[in-house]
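Fold and geometry: a report
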Amino acid sequence: MANTIYHKHFTHPIFFFIASVFVLESFTTTTALVWSNTQPPTSPGHRTGKCTEKERQALLHFKSYIHYDPRCLLTTWTPGEEEKAATNDCCYWSGVTCNNHSRVTSLELSDGFLEGNISPSLLNFSYLNYLDLSGNSFNGTIPMFIGSMTQLRYLYLGWNDFSGIIPLELGNLTNLQELSLESLSSCTVENLDWLSHLSQLDNLVMSGISLGKVDNWVNVILSLRKLSYLGLNACDLSHVMHPYSYSYVNSSFSSSIVTLSLSDNNLNSSMYHWLFPLTSNALVELDLSGNMLDEIPKYLGNLCGLTYLHFGGNLMPIKLPDFLSNLSGCTSVTLQYLDASSSQFTGSLSDDIQKFSSLQDLELSNNQLHGTISEKVWQLPMLRTLDVSSSFLKGAISENIEKSNILYVNLSNNSLEGVPLKANMSNISSIEHMDLSSCKLGPRFPKWIQTMKNLSSIDLANTQISDKIPEDFWNTWPSRLRYLNIAFNNITGTITDMFSNLDPHSSTINLRSNNFYGHILNVPSRLNNLDLSKNNLSGQIFFLCQIVDGSLSVLDLSHNAFTGPIPDCLWHFTELKILSLGYNNLSGRLPTSIKFLINLEVLSLYNNNFSGKLPLSLKNFTRLTFLNLGANKFSGYVPGWIGERFSSLYALILTSNKFTGNIPSHLCRLLYLQILDLSMNKIQGTIPSCLSNLTSMVQFLAVNQNVHSFNLSMTYVDRSMIKWQGNLLEFSITLELVKIINLSSNNLTGKIPDKLTDLHKLVALDLSMNALVGEIPSKIGQMKELLILDLSRNNLRGGLPSSMSQMTLLNYLDVSYNSLSGRIPSGTQLQTFEPSRYIGNAGLCGLPLSKYCPGDKELEGPPITRENVGDGEDVDDLQRWYYVGGATGFVAGFWMVCIALIVNRRGRHAFFHVMNSLENWVYVKVMVFTAKVRRV
């Protein structure tokens, strides 16, 4: 069974390698800290005879209760007498182990996603001592007859769909050493008294089962004198009214628990009273993560065996100096791993850290730390991993960083500055991974980085560097550098030979959003990810032919000035998933070798000069989710095979090309399609009514296909220019929320299909500048999610349907230059648009137009009589009180919000997190708009 304690490690592969070395090293010298991974006994080399017919029939009976076996675990369990001897002998069946006398002793059927019930034929296995049915979909209640299988020593039933009460009969399994009932969330527990009978129990996992109504559970656990592993994650322990009896608390018995996991129970600090008897010097690993703890008791600092402490994800504020002080007993000498990430720690990383001389892994990311990093951190002799990212630390990075023994350093997302320029640094640093992204290293390039000769991974993205890259930068780490990210800066210079000294085995290079210029001449033969987008690079891209090893996953050369064709040497790119070449001056036809990109998920060629018909070889891209060929010179029909072959496609953008013919009905098969842009072509014919079958535009589908994550910490987010309210805007992270159909500027004829109104989740519909006729569908008001509706410059007639008054989210409407007539329906939105949005329809009348409908002038206003002469004074008085009341309400509401944010810390952080996200969104939009203006 896997370890149920959740280790929050970093995602970078360099770290995984380092961490694995530490874990292997520590596990060879200490007691096993995790679930024992007990394996079923293997079949002996010599057995006497076949398995008994009784047990063979019992296995077949067990199989008959299984109605779904997706992983074919039981395919060797066959009854046929004519089969070969090995097939007849059930000891050779998958998952079955027998002893010397051919009696079944073990059934290991985990993680097979089997569906069905558990057959009572298990009672026929009198020698069975190992039963693992975890990771399946068995349903119904846990059979009580399992309690009669008293020979069992290992029983794993977790991760199934069982429901009902955990049977008390399990208490009859007195030989049991390991029991896992993990993640049986539909099961209930009335009491745990039956556990006290399992005196041989060594490992117990009940994570995910509610124990909120089980009193005195601590007493039961203490009665298990051999218990070394206890996993009770997410068991609603905070709901227990009486978790223990004081008689046990005052006893002299010392707990034998080695690993104790109590995460995600919403516990507060009152739990430390009943935690005390469960701890002893035998405790090696303790997981208290995901709770509401605002302190740590001093007795935990006196546990002389505690080596691993998980405290991350606690949502109550704690001062880090106080936390470290309470752990400063003998725990400070033994503690090797401390994870307090994603919590609410405040204060600074003070000199108290020097007491933890055995610390190897310190994870304090995503907290509220401030001040500087203590010099003592760099002096910890055993420290190999340090992560204090995403806090409010400031000041210069100490030059002593080079003297530390740390291999992995993550200081990103702080206000830290670089090592002072006057620092005299040697070349002895042991650091292999350095992440300083989103720190304040600039504006000068941090040359001190080059003194760290052992670096294989560098992340300096978004560090405010505005400088020319040193000429010797690329030669600093010969054949070592595997990961380089200096994106989102203002770095200039050429990169003609930048790749000559990279690790020859695999590399990730991200130079996105800088000012590099010149030609790319040489690249290594092996690259995993290459992002050179948003620079000023030029020349042809024949350097791609040098990448021949076939491991390239991401290639993004967009937003540069590359010219010429795509070279016809793509046969090595069989693992490529992202190909983004948009916003260049590339031209010609797509090469024949493009057919080898069989794993491609994203193809973006937007805004180039590619031409010709789409080659049939694109049919091989069956994994494609995003296809953007817009703003080119492609011609021919829109291929129907797009709808037949690209079943996972969510974005199809063919705008601004020279496509002709009809819209193929095959596109209606794209159930996940949520962006369909065929605008500005020469497409003719009618709009297929079957577009109503585009499921993703009818209902919400949680797919999230616009974010692609790869190894080496590489994440690619789809980007696309979308016509939004008459303007072209770039969408990226929010692209998954966009659901549009844009068929504008074509030669479409016929009526707007009535079924189109079934697309209830559509947010933008643009059918403008065509030759559509007929009336606007009367049920268009059903499209209540619509934000944008543009039907301008067609030949539509009739009136605006009254149902349009129900479209309360509509913020952009244009029906100008048609042949519409009648009154504009009254509604919350339709009267707020500019009159120009209705112009060119001689028959339309009513607000916001100045043209009155028949009968309106008589109702323009009441006649002036003596009875309403004084109305002006009443209006002035009413207006005065309106402003007074409005001002009072604003002041009261403002201070209520401020007080709430001051008092509620979690609410305050959530509020400012939203504001920061909004700021980033606005910034991106402003930059996109500015870039567009510059291009114009």
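Since we're looking at a predicted model, the values are computed, not measured.

**A word on the overall build of the protein**
- Counting its secondary structure elements, the protein contains 12 helices and 56 strands.
- The buried share of the protein, reckoned over its 936 residues, is 53%.
- Looking at the protein alone, contacts between residues at least 24 apart form 59% of all its contacts between residues at least 6 apart.

**What to know about the nonpolar core**
- W217, W274 and F323 are the most contacted members of the largest nonpolar core, which has 226 residues in total.
- Counting only elements with at least two residues in this core, the list comes to α2 (53-64), β2 (96-98), β3 (104-108), α4 (217-222), α6 (272-275), α7 (320-326) and α9 (641-645).
- When sequence neighbours within four positions are dropped, the list of residues in contact with F323 reads I296, L309, F311, I318, L338 and F345.
- If you look at the next biggest cluster of nonpolar residues, it comprises 21 residues, including F626, W724, F731 and I788.

**Examining the sheet that holds strand β36 (residues 585-588)**
- Pairing in this open sheet of eight strands is parallel, and the strands run β28-β30-β32-β34-β36-β38-β40-β42 from one edge to the other. Sheet topology places β28 (492-494) and β42 (658-660) at the edges, where each strand pairs with a single neighbour. Geometrically, the sheet is characterised by an average inter-axis angle of 15 degrees between neighbouring strands, direction not taken into account.

**So, the state of the cysteines**
- Inspection of the entire model under this criterion finds six disulfides.
- Each sulfur in the disulfide pair C668 and C690 lies 2.0 Å from the other. The disulfide joining C668 to C690 has a torsion of about 60 degrees about its S-S bond and is therefore right-handed. Here C668, found in the loop between β42 and β43 (675-677), pairs with C690, found in the loop between β44 (684-685) and α10 (695-698); they are 22 residues apart in sequence, far enough to count as distant.
- Listing the disulfide partners of the protein by sequence rank of the bonded cysteines yields 1-2, 3-4, 5-6, 7-8, 9-10, 11-12.

**Observations regarding the pattern of salt bridges**
- By the definition in use, this model includes eight salt bridges.
- Here K723 makes a salt bridge to D766, at a shortest N to O gap of 3.0 Å. On the criterion of sequence distance, the pair formed by K723 in strand β47 (residues 720-724) and D766 in strand β51 (residues 764-766) is long-range, its members being 43 residues apart.
- Among the residues examined, K723 registers a relative accessible area of 31% and is labelled partly exposed.

**Some words on the confidence of the model for the protein**
- Taken as a whole, the protein shows an average pLDDT of 85; of its residues, 82% reach a score of 70 or greater.
- Low pLDDT, under 50, characterises residues 859-882; the predicted model gives this stretch two contacts beyond four residues in sequence or across chains.
- Per-residue pLDDT stays below 50 along residues 927-936; that stretch engages in three contacts with residues further than four places along the chain or on separate chains.

**Looking at the pairing of strand β40 (residues 633-637)**
- Taken together, the three bridges between strand β38 (residues 609-613) and β40 define a ladder with parallel strand orientation. From the neighbouring strand, G612 faces β40, where its bridge partner is F634.
- Where β40 meets β42, three bridges bridge the pair, whose relative direction is parallel. Bridged to Y637 within β42 is T660.

**Concerning the packing of aromatic side chains**
- Counted under the stated rule, the structure contains 18 aromatic pairs.
- Ring plane angle 65 degrees and centroid distance 6.4 Å describe the contact between F62 and F138, whose orientation is recorded as edge-to-face. Highlighted residues: F62 in helix α2 and F138 in strand β6 (residues 137-138), separated in sequence by 76 residues. We note that F62, like F138, is buried.
- Residues F543 and F562 carry aromatic rings whose centres are separated by 6.2 Å and whose planes lie at 50 degrees to one another, so their mutual orientation is tilted. Of this pair, F543 sits in the loop between β32 (536-539) and β33 (554-556) while F562 is found in strand β34 (residues 561-564), placing the two residues 19 residues apart along the sequence.

**Quick notes on unusual backbone geometry**
- The omega torsion across G442 and P443 is 5 degrees, close enough to zero to call that bond cis.
- Relative to the assigned elements, P443 resides in the loop between β25 (433-435) and β26 (457-459).
- In this structure, P848 follows L847 across a cis peptide bond, with omega equal to 10 degrees.
- Among the structural elements, P848 can be located in the loop between β56 (843-845) and α11 (871-903).
- The phi dihedral of N266 falls on the positive side, at around 60 degrees, and the residue is not glycine.
- Following the sequence through the fold, N266 ends up in the loop between β13 (259-261) and α6.
- What makes N266 partly exposed here is its relative accessible area of 48%.
- A positive phi angle, near 60 degrees, is found at N607, a position not held by glycine.
- On the secondary structure map, N607 appears in the loop between β37 (602-604) and β38.
- Residue N607 is classed as partly exposed on the basis of its relative accessible area, which comes to 31%.

**Here we look at the sheet that holds strand β1 (residues 66-68)**
- Across the sheet, three strands lie side by side as β1-β4-β6; this open sheet has mixed pairing. Looking at which strands have only one partner, the edges of the open sheet turn out to be β1 and β6.
- The sheet contact formed by β1 and strand β4 (residues 115-116) spans two bridges and is antiparallel. Along β4, the bridge assignment pairs I66 with G116.

**Side note on the side chain of S803**
- With respect to the secondary-structure elements, S803 resides in the loop between β53 (797-798) and β54 (812-814).
- A distance of 3.1 Å separates a polar side-chain atom of S803 from the backbone nitrogen of G781.
- Ignoring sequence-local partners within four residues, the contact set of S803 consists of S778, K779, I780 and G781.

**Some remarks on α2**
- Its 12 residues place the ends of α2 16 Å apart at the C-alpha level, agreeing with the 16 Å of an ideal helix rising 1.5 Å per residue.
- Every buried residue of α2 is accounted for by E55, R56, A58, L59, L60 and F62.

**Digging into the environment of T346**
- Inspection of the secondary structure assignment puts T346 in strand β18 (residues 344-346).
- Distance from T346 to I318, taken between C-alpha atoms, is 6.1 Å for residues 28 residues apart in sequence.

**Observations regarding the pairing of strand β30 (residues 515-519)**
- With burial as the criterion, only one face of β30 is covered, namely that bearing F516 and G518; the residues N515, Y517 and H519 on the opposite face remain uncovered.
- Bridging between β28 and β30 involves three bridges; their strand directions are parallel. Following the sheet pairing, T492 is matched in β30 by N515.
- Here β30 runs beside β32; their pairing, made up of three bridges, is parallel. Each bridged residue has a counterpart across the sheet, and for H519 the counterpart in β32 is S538.

What counts and how
Residues numbered from 1 in each chain as written. Predicted model: local features only at pLDDT ≥ 70, side-chain atom pairs only at ≥ 80, totals over all residues. Heavy atoms only, no water. Helix = DSSP H or I, 4+ residues; strand = E, 2+ residues; numbered from the N terminus. Buried < 20%, exposed > 50% of the residue type's maximum accessible area, 1.4 Å probe, protein only. Contact = heavy atoms within 4.5 Å. Core = buried A, V, L, I, M, F, W, Y, C linked by side-chain atoms within 4.5 Å. Pairing = 2+ DSSP bridges. Axes fitted to C-alpha atoms, helices over the stretch in contact; angles between N-to-C directions. Disulfide = S-S within 2.5 Å. Salt bridge = Lys/Arg side-chain N within 4 Å of Asp/Glu carboxyl O. pLDDT = per-residue confidence, 0-100. Phe/Tyr/Trp six-rings, centres within 6.5 Å; stacked < 30°, edge-to-face > 60°. Polar contact = N/O pair within 3.5 Å; in protein donor to acceptor, adjacent residues only side chain to side chain. Expected span 1.5 Å × (residues − 1).

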